[in-house]
Every structure is written in C-alpha cells, then in structure tokens.
Amino acid sequence: MTFGSSLFIEEKSIEISKVGQKPSLRPNETADWLVNVTLALRSSEVIDSPSIVISFPELGINSSELSISSLPADTSEATFVSVNFTIPDEVPERWYPHNLGTPKLYNVTVTLQPSNVSFTTTTGFRTIVLVQQPYPQDEIDSRGITPGDQYHFEVNGKAFYSLGTNIIPFDPFYARMTTEQVRWVIQSAVLSGQNMVS
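Everything numeric in this text was worked out from a predicted model, so none of it was measured.

Q: Which parts of the structure should I look at to understand the overall build of the protein?
A: Secondary structure assignment for the protein yields two helices and 14 strands. Overall, the C-alpha framework of the protein stretches about 70 × 40 × 35 Å when taken along its three principal axes. When the 198 residues of the protein are sorted by exposure, 34% land in the buried category. When contacts within the protein are restricted to residue pairs at least 6 apart in sequence, long-range pairs at least 24 apart make up 61% of them. On the protein, roughly 12000 Å² of surface is accessible, and the fraction owed to carbon and sulfur atoms is 52%.

Q: Can you walk me through the pattern of salt bridges in this structure?
A: As a working rule, side chains carrying opposite charge can pair if their charged atoms are close by. Tallied over the full model, the rule gives seven salt bridges. Across the salt bridge formed by Asp89 and Lys18, the nearest N and O atoms sit 2.4 Å from each other. Within this pair, whereas Asp89 is found in the loop between strand S7 (74-87) and strand S8 (106-113), its partner Lys18 is found in strand S2 (residues 7-18), the two being separated by 71 residues in sequence. Of the residues examined, Lys18 reaches a relative accessible area of 1% and is grouped as buried. Between Asp89 and Arg94 there is a salt bridge whose closest N-O contact spans 3.0 Å. Both residues of the pair, Asp89 and Arg94, belong to the buried class. Salt bridges sharing partners connect three or more residues here, namely Lys18, Glu29, Asp89 and Arg94.

Reading the values: the criteria
Per-chain numbering applies: the sequence of each chain, read as written, is numbered from 1 onward. Side-chain atom pairs in this predicted model are given and counted only at pLDDT of 80 or more, local residue features only at pLDDT of at least 70, and totals for whole chains, interfaces and linings cover all residues. Note that water and hydrogens are dropped before the side-chain values are worked out from all heavy atoms of the structure. To qualify as a helix, a DSSP run of H or I must reach at least 4 residues; to qualify as a strand, a run of E must reach at least 2; elements of each kind are numbered from the N terminus. The buried label applies to any residue whose accessible area, calculated with a 1.4 Å probe on protein chains only, is under 20% of its type's maximum; exposed applies above 50%, and partly exposed to all values in between. Contacts are assigned to residue pairs that have any heavy atoms within 4.5 Å of one another. Here the Shrake-Rupley method, with its probe set to 1.4 Å, supplies the accessible areas, and only the displayed protein chains count as covering residues. Should a side-chain nitrogen of Lys or Arg be within 4 Å of a carboxyl oxygen of Asp or Glu, the pair is scored as a salt bridge.

Laid out in structure tokens, this is it:
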C-alpha cells in the first residue's frame, strides 16, 4: 500500500485483546480493551517524529498522536512500528458468532502523521479462549470415564458449542478465486448452523 511517493506500508496488523490478557488463559472480561497496531513501513526519505492516530468513527473515539520511531530513508528493509491504546470495556458492543448474538464490526482508521495518510479496515471486539481442564472426580465416577482433560471454547466469557468446518483452498491458483465463491462457502456454513471456520 503506497502513500504519496515516499511511504509504503508492507504489512499491517490490528489486534484487539483485554489489558493484561495472556495467551491461552481466561482474560479479565471487565478489563479495558487494548488495541495494538503494528505496521511494516518502508520510506524513501527520512521521516522524523512520525506518529499514528487510531480512530473508531462509529464509537466517536480517536487516540492521541501515538509516537513511533523515526523512519530511515531505506527501502531495502522494512521498519516495524507498533502502538497501543485502550478503550473502556463498556464502550464497544461485543462481537459474537452469528448463532450466539450479533457479529458486530466497527470501522477502524489508522492515520500516519505528518503525512496524513490513512487506511480503514473493519474489526470486532471479543475474547475467545480454548479452556482445558481436568474432568472432576465426581464426573469420572458417575459417568465411568477415563480421567483426562476436557476442553471447550468460551467467547466473551461464555462457554459455547463449536460447530465448524476446515476450509481448504478453493483453487491452487488464488487469482482464479472469486468473491462470489468465498461468499457462497461462508454463507453455506452459516445456513448449516456452523459458527467456526478454520
């Protein structure tokens, strides 16, 4: 993604989690949301004191100018930059799988200063965790099962029954895939009651 003649965004990542969240552990569901934006940038000229502003227009939320390191005049290698800012837990509506609630999405705009160039994408606010824990002894005794671990998924702190599909590439040549093909497969999954796709 090129902006003007001097700046190129090679990669972009927007991650939303709970403040203090650790991988594979249940997060604090009442903690604020942590929005992380990571970009791989290449610039043909030095950009001193750049910053990033993150905006959620539907929520009326804009971060302050979040400082990033100066960008060198080097197009041979990307410079990775990352910024964080928090949003109070109660502000956004949470995303849920279609059969458990509303899959609410928000536009997020990331603007680089001083060039005032931006891109917009959509994202949702949700937590999802694979919970693994041993079967309780009384359940082992009453059901006559072998001791071991059970597992289930929780979305936004609520356990749910996952129904899903593993999708393989539609075509070995990605250029031949169409939006209509992808839409048909996803809509078919939804209509058959599935709530996960991998």
